[in-house]
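# Close look at the chain arrangement
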Amino acid sequence: EDQVTQSPEALRLQEGESSSLNCSYTVSGLRGLFWYRQDPGKGPEFLFTLYSAGEEKEKERLKATLTKKESFLHITAPKPEDSATYLCAVQDNYGQNFVFGPGTRLSVLP
Amino acid sequence: DGGITQSPKYLFRKEGQNVTLSCEQNLNHDAMYWYRQDPGQGLRLIYYSQIVNDFQKGDIAEGYSVSREKKESFPLTVTSAQKNPTAFYLCASSIGGTPNHGYTFGSGTRLTVV
């Protein structure tokens, strides 16, 4: 059974203080790993798709990386507007659907 | 602009009542999904549909029902058989079965039992 865990559950950073969020997964053949951002009371917004170990994707202050067992979302010099919950999801080679992790709630203080 | 519209944003249900959540998309996506989100848990799949007039149960389908009479619409009914319906419900869509960009989500409906 596919599983996704995320750590930490919550993270509080000062503006400009870089850090990383972790997504660990167990999947029977990875088709893709997805990162989403979710603001309170809103639906998740797509950020990245990663397909194979060693792959990296960047968008503004965010960089996602992938290994065979986990993915990291690195946040460089975050700003208060980066505050959100970040969700990780995996899709395996056999199933139609995704398995989501519980998310990491990020707060960036000015 | 294309997107997914969920309504209402907030919904209150009395014990024993059925309620229907609306989901409409104008993205011309084939597949549509319903997820439930509870605090501290990952999104859990309720139902999904890949084509009109066809749908499949997800991981937590008990107490829910859906229909897919039009490509654009995928309403979810929360029946009285669902014992703990208070949650945030998300509708999503994708172009096909292997979405390279994952899902496009709606803005959600928060259902509360009163």
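Higher on the page you've got the structure.
Just so we're clear, the structure is a prediction, and the values are computed from it rather than from any experiment. (Residues numbered from 1 in each chain as written. Chains lettered and ligands numbered in written order. Predicted model: local features only at pLDDT ≥ 70, side-chain atom pairs only at ≥ 80, totals over all residues. Heavy atoms only, no water.)

The next subject is the sheet that holds strand β7 (residues 64–66) of chain B. Residue and element names in this part refer to chain B. In space, the 4 strands of this open sheet follow the order β1-β3-β8-β7, with antiparallel pairing throughout. Looking at which strands have only one partner, the edges of the open sheet turn out to be β1 (4–7) and β7. Adjacent strand axes in the sheet meet at a mean angle of 20° when their direction is disregarded. Pairing between strand β3 (residues 19–25) and strand β8 (residues 76–78): 3 bridges, direction antiparallel. Each residue of the ladder has a partner; that of Thr20, found in β8, is Thr77. (Pairing = 2+ DSSP bridges. Helix = DSSP H or I, 4+ residues; strand = E, 2+ residues; numbered from the N terminus. Axes fitted to C-alpha atoms, helices over the stretch in contact; angles between N-to-C directions.)

With that settled, consider the interface of chain A and chain B. In this complex, chain A contributes 19 residues to the contact, which on the side of chain B involves 25 residues. If you look at where chain A meets chain B, you find 0 salt bridges. Contributing elements (two or more residues each) for the side of chain A that touches chain B: β4 (30–38), β5 (45–50), β9 (84–92) and β10 (98–100) of chain A. Sorting elements by how many residues they give to the side of chain A that touches chain B places β4(A) first, with 4 residues. (Contact = heavy atoms within 4.5 Å. Salt bridge = Lys/Arg side-chain N within 4 Å of Asp/Glu carboxyl O.)

Glancing now at the state of the cysteines. Within this structure, the stated rule accounts for 2 disulfides over all chains. A disulfide bridge connects Cys23(A) with Cys88(A), and the sulfur atoms are separated by 1.9 Å. Across the disulfide from Cys23(A) to Cys88(A), rotation about the S-S bond amounts to roughly -60°, and the bridge is consequently left-handed. Of this pair, Cys23(A) sits in strand β3 (residues 19–26) while Cys88(A) sits in strand β9; the two residues are 65 residues apart in sequence, bridging distant segments of the chain. Of the two residues, Cys23(A) and Cys88(A), neither departs from the other in class, the shared state being buried. The disulfide partner of Cys23(B) is Cys91(B), and the S-S distance across this bridge is 1.9 Å. Every disulfide takes its handedness from the sign of the S-S torsion; for Cys23(B) and Cys91(B) that torsion is -75°, giving left-handed. (Disulfide = S-S within 2.5 Å. Buried < 20%, exposed > 50% of the residue type's maximum accessible area, 1.4 Å probe, protein only.)

Residue and element names in this part refer to chain A. In spatial order, the strands read β1-β3-β8-β7-β6; together these 5 strands make up an open sheet with antiparallel pairing. Each edge of the sheet is formed by a strand with only one pairing partner; in this case those strands are β1 (3–7) and β6 (56–59). Strand-to-strand twist in this sheet, taken as the mean axis angle between neighbours without regard to direction, amounts to 15°. As paired elements, β3 and strand β8 (residues 70–75) share 6 bridges and run antiparallel to each other. Residue pairing across strands places Ser19 opposite Ile75, the latter belonging to β8.

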